Amino acid sequence: MDDRPDPLTAPPRRRPSRRWYALSLLLMLGSVGLFLAVLLNQSQRMRERLEPMPRFVGPTDDAGFLVTVDTPGKINLFYENKGKLGDRAFDTPRRQIWTTFDTPSMTCTVTRVDSGQAAEVRLPGVGEVVDKRVPTRDLVIAYDVAGRQGHSAWVFDADAAGDYRIVLKYKDSVSLKPGDVVIPAELSKADKKQMQSEAGKAYEESRRQAVEQAALAELEPVDVLFAVGPDPTAGGFFELIGLKGAATILAFGFTFSILIALVTLMLRGGHVTPRGEMSAVKRGMTSEQQA
């Protein structure tokens, strides 16, 4: 004799409380609130670091721009495509700085004023494997805060505190007229096969340089706003409790809150088969088939 309860005569199931909906809502609101709080905090920290940065307009003359570095370390030269210097507003297209990612439209030199020693100037993130988990790498730092949009254009290491002279000039090709640049014809696949490898590489390199010169020749030399300073995020984007961490918590909060709400809805609506009921239904169907 089967002592298990008949699913048809079993007492009604206990439905979960509506408080689970409140828990789901609190979890979602809490994760959103945490993310917004961290975002506002990071934005405020960015403003406090961005506004004091020294700014100047490039290209410069041979005297350049003098900047005082108080703390030795990696210094970024930021191109601000949108920003203000005094009463003057800037909205400069990116092509005024780079023709390609690794080919800038300007030259940049940095020297120490006291010794005249040149500092190594490099493009951030070019020619290296970037590990975004390590904030000390030469990342292309970007910001968009308080009406300022900036991207790191060059990086140099200040090995000592003191004054540094920054000289920015457009490349000579900018002064050319587009018609002055002759671009060699592109080689066909058959021509590439017939040419020796070294000759083919030299031809392609000359063509690449001509294309870059033509792109530079199409530029009109204009004033560009620059800012000088260390990484304004101070690695904040990579901290555990930073924007990355807050975004992770936000994603988990949304996921779990939706799961809690869906499971509660299904249980309260009776859309879930309790454990043992399906096996009882199957046994009833088997008995009818045998009869």
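Residues numbered from 1 in each chain as written. Predicted model: local features only at pLDDT ≥ 70, side-chain atom pairs only at ≥ 80, totals over all residues. Heavy atoms only, no water.

So what's going on with the overall build of the chain? Residues and values would help.
Counting its regular elements, the chain contains five helices and 13 strands. Counting across all 291 residues of the chain, residues that qualify as buried make up 31%. Here the analysis covers contacts within the chain between residues at least 6 apart in sequence; of these, 81% occur between residues at least 24 apart. In the structure as shown, the chain presents an accessible area of about 18500 Å², 57% of it carried by carbon and sulfur atoms. (Helix = DSSP H or I, 4+ residues; strand = E, 2+ residues; numbered from the N terminus. Buried < 20%, exposed > 50% of the residue type's maximum accessible area, 1.4 Å probe, protein only. Contact = heavy atoms within 4.5 Å. Areas by Shrake-Rupley, 256 points an atom, 1.4 Å probe, with all protein chains shown as cover.)

Can you break down helix α1 (residues 19-50) residue by residue, with the values?
Spanning 32 residues, α1 covers 46 Å between terminal C-alpha atoms, matching the ideal 46 Å at 1.5 Å per step. Those residues of α1 that sit buried are Ser-24, Ser-31, Val-38, Gln-42, Ser-43, Met-46 and Leu-50. (Expected span 1.5 Å × (residues − 1).)

Account for the nonpolar core, with residues named and values stated.
Counting residues in hydrophobic clusters, the biggest one holds 25 residues, and the most contacted among them are Leu-77, Trp-154, Ile-166, Leu-168 and Phe-226. The residues contacting Trp-154, other than those within four sequence positions of it, are Ile-75, Asn-76, Leu-77, Pro-104, Met-106, Cys-108, Val-121, Arg-122, Leu-123, Pro-124, Leu-168 and Phe-226. Met-46, Leu-139, Val-145 and Ala-227 belong to the second-largest nonpolar core, a separate cluster that totals nine residues. (Core = buried A, V, L, I, M, F, W, Y, C linked by side-chain atoms within 4.5 Å.)

Summarise the pairing of strand β11 (residues 148-158); cite the residues concerned and give the values.
Where burial is concerned, most of β11 is hidden: eight out of the eleven residues are buried. Of the strand pairs in this sheet, strand β9 (residues 121-122) and β11 are connected by two bridges, and their pairing is antiparallel. Counted as the bridge partner of Val-121 is Phe-156 from β11. With four bridges joining them, strand β10 (residues 142-145) and β11 adopt antiparallel strand pairing. Residue pairing in the sheet places Val-145 in a bridge with Arg-148 of β11. Remark: two residues form the turn of the hairpin made by β10 and β11, two consecutive strands paired antiparallel; Ala-146 in that turn has positive phi of roughly 55 degrees. (Pairing = 2+ DSSP bridges.)

Explain the sheet that holds strand β8 (residues 118-119) to me, and be specific about the residues and the numbers.
Ordered by their spatial adjacency, four strands build an open sheet running β2-β12-β7-β8, and the pairing between neighbours is antiparallel. Edge strands, defined here as strands with exactly one partner in the open sheet, are β2 (65-69) and β8. In this structure, strand β7 (residues 106-112) lies alongside β8, joined through two bridges in antiparallel fashion. Among the inter-strand pairings, Val-110 is bridged to a residue of β8, identified as Ala-119.

Break down the packing of aromatic side chains for me, citing the residues and quoting the values.
Scanning the model with the defined rule gives six aromatic pairs in all. Relative to Phe-226, the ring of Trp-154 lies with its centre 6.3 Å away and its plane at 40 degrees, an arrangement referred to as tilted. With a gap of 72 residues between them, Trp-154 in strand β11 and Phe-226 in strand β13 (residues 224-229) connect regions that are remote in the sequence. With relative accessibility at 5%, the residue Trp-154 sits in the buried group. Each ring, one from Phe-156 and one from Tyr-164, has its centre 5.9 Å from the other, and the planes form 45 degrees; the classification is tilted. When sorted by exposure, Phe-156 lands in the same class as Tyr-164, which is buried. Among the aromatic side chains, those forming a connected cluster through ring pairs are Phe-56, Phe-65, Trp-154 and Phe-226. (Phe/Tyr/Trp six-rings, centres within 6.5 Å; stacked < 30°, edge-to-face > 60°.)

So what's going on with the pattern of salt bridges? Which residues, and what values?
By the definition in use, this model includes eight salt bridges. Lys-169 is paired through a salt bridge with Asp-62; the nearest N and O atoms lie 2.3 Å apart. With Lys-169 in strand β12 (residues 162-170) and Asp-62 in the loop between β1 (55-58) and β2, this residue pair connects regions lying 107 residues apart in the sequence. A relative accessible area of 32% places Lys-169 in the partly exposed class. Linking Arg-122 and Asp-157 is a salt bridge whose minimum nitrogen-to-oxygen distance equals 3.1 Å. Of the two residues, Arg-122 is situated in strand β9 and Asp-157 in strand β11; the sequence distance between them amounts to 35 residues. (Salt bridge = Lys/Arg side-chain N within 4 Å of Asp/Glu carboxyl O.)

Describe the confidence of the model for the chain, and please don't skip the residues or the numbers.
Taken as a whole, the chain shows an average pLDDT of 75; of its residues, 63% reach a score of 70 or greater. Looking at the elements of the chain, mean pLDDT is at its lowest for helix α5 (residues 277-290), recorded as 55, and at its highest for β2, recorded as 94. (pLDDT = per-residue confidence, 0-100.)

Outline the side chain of Thr-264, supporting the account with residue identities and numerical values.
Relative to the elements of secondary structure, Thr-264 occurs in helix α4 (residues 243-268). On the accessibility criterion, Thr-264 (3% relative accessible area) is buried. At 2.7 Å, the side chain of Thr-264 and the backbone oxygen of Ile-260 are in polar contact. Apart from residues lying up to four places away in sequence, Thr-264 is in contact with Pro-16, Ser-17, Trp-20 and Tyr-21. (Polar contact = N/O pair within 3.5 Å; in protein donor to acceptor, adjacent residues only side chain to side chain.)

An account of the environment of Trp-20 is needed here, citing residue identities and associated values.
Along the chain, the position of Trp-20 falls in helix α1. The class of Trp-20 is partly exposed, set by a relative accessible area of 42%. Measuring from C-alpha to C-alpha, the distance between Trp-20 and Ser-257 comes to 9.5 Å, with 237 residues separating the pair along the chain. In this structure, Trp-20 is in contact with Ile-260 and Thr-264, ignoring residues within four places of it in sequence.

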